[in-house]
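The chain contents come next:
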Amino acid sequence: MADKTFNLQIISPTRVFFDEAVDMVEMKTTEGEIGVLAGHIPLTTILEPGVLRIKTDGNVREAALHDGFVQIQKDKVTVLAESCEWPDEIDANRAEKAKERAERRLTSGSKEVDMVRAELALKKALIRIDLAGKR
C-alpha cells in the first residue's frame, strides 16, 4: 500500500514556516481552491491570499497564506509564500486597522488609489481577522 503522507514545506522570505509529513493540504490558487493528497499529479501554480489548511492524523491546522507559488510532486509539496502566519501570530488590532485603511482607499473615489493593491490589502486583512478570531 502506498504511503498516504507527503512532505509539505512552506518557505517565506524570513523563515521555513513548516516542514513536516502531512496527509493533505488545501490552499487557494488563482484557479480556485485545491486539495492535495499523496501521489497528486505534478503541478506548479500561483497562490492567492487565503486560508491554508494542513491535515495530519485527523487534526487540521490553519494559517494565513499571502501570495506565492506552489510546486506539487508525488511525494512533496513546496510552497514559496510571500508570508504565512499561524493564528496566534496575527495582531488582530493591526489587521482591523489595515482593513479600515483598505476600505477607505476603495471608497475614496480617488484616481491616485491603486484599486488592485487596495483590494489585495483588504483581502489579506480579512483573512487575518478571520483566523485571529479562531484562536
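Reading guide: rules and limits
Residues numbered from 1 in each chain as written. Predicted model: local features only at pLDDT ≥ 70, side-chain atom pairs only at ≥ 80, totals over all residues. Heavy atoms only, no water. Phe/Tyr/Trp six-rings, centres within 6.5 Å; stacked < 30°, edge-to-face > 60°. Helix = DSSP H or I, 4+ residues; strand = E, 2+ residues; numbered from the N terminus. Lys NZ or Arg CZ within 6 Å of the ring centre and 35° of its normal. Pairing = 2+ DSSP bridges. Buried < 20%, exposed > 50% of the residue type's maximum accessible area, 1.4 Å probe, protein only. Contact = heavy atoms within 4.5 Å. Patch = residues over 30% accessible without salt bridge, like charges linked within 9 Å, V, L, I, M, F, W, Y side chains within 5 Å. Areas by Shrake-Rupley, 256 points an atom, 1.4 Å probe, with all protein chains shown as cover. Salt bridge = Lys/Arg side-chain N within 4 Å of Asp/Glu carboxyl O. Lys, Arg positive; Asp, Glu negative; His and termini not counted. Charge placed at Lys NZ, Arg CZ, Asp CG, Glu CD. Expected span 1.5 Å × (residues − 1). Polar contact = N/O pair within 3.5 Å; in protein donor to acceptor, adjacent residues only side chain to side chain.

Asker: For this particular structure, what's the right way to read the packing of aromatic side chains?
Answerer: A ring pair, where both rings are aromatic, is described by two values, the distance of the centres and the angle of the planes. Taken as a whole and judged by the stated rule, the model has two aromatic pairs. A ring pair is formed by Phe18 and Trp86, whose centres lie 6.2 Å apart and whose planes are at 65 degrees; its orientation type is edge-to-face. Taken together, the positions of Phe18 in strand β2 (residues 15-22) and Trp86 in the loop between β8 (76-85) and α1 (92-107) put the pair 68 residues apart, joining distant regions of the chain. By the ring-pair criterion, three or more aromatic residues cluster together here, those being Phe17, Phe18 and Trp86. One residue, Arg61, lies across the ring of Trp86, its end atom 3.9 Å from the ring centre.

Asker: For this particular structure, what's the right way to read the pairing of β2?
Answerer: Within a regular strand, the side chains alternate between the two sheet faces. Here strand β1 (residues 6-12) pairs with β2 via seven bridges, running antiparallel. Across the sheet, the residue bridging to Ser12 is Arg15, located in β2. Hairpin geometry of β1 and β2 is characterised by an intervening segment of two residues between the two adjacent antiparallel strands.

Asker: How should I be thinking about the side chain of Gln9 in this particular structure?
Answerer: Following the sequence through the fold, Gln9 ends up in strand β1. For Gln9, a relative accessible area of 15% puts it in the buried group. Once you skip the residues sitting within four places of it in the chain, Gln9 turns out to touch Phe18, Asp19, Lys76, Val77, Thr78 and Val79.

Asker: Honestly, a positive patch on the surface in this entry has me stumped. Any pointers?
Answerer: Taken together, Arg94, Lys97, Arg101, Arg104, Arg105 and Arg117 make up a surface patch of like positive charges. In terms of residue count, the dominant contributor to the positive patch is α1 (five residues). By the secondary structure assignment, Arg105 is in helix α1.

Asker: What am I meant to see in helix α2 (residues 115-132) here?
Answerer: Count 3.6 residues to each turn of an α-helix, and residues three or four apart come out pointing the same way. For α2, built from 18 residues, the straight-helix expectation of 26 Å at 1.5 Å per residue is met to within 8% by its first-to-last C-alpha distance of 26 Å. Buried within α2 we find Ala118, Leu122, Lys124, Ala125, Ile127, Leu131 and Ala132. Among the structural elements, β6 (50-56), β7 (59-72), β8 and α1 are those in contact with the buried residues of α2. With a side-chain oxygen positioned 3.2 Å from the backbone nitrogen of Val116, the residue opening α2 is Asp114.

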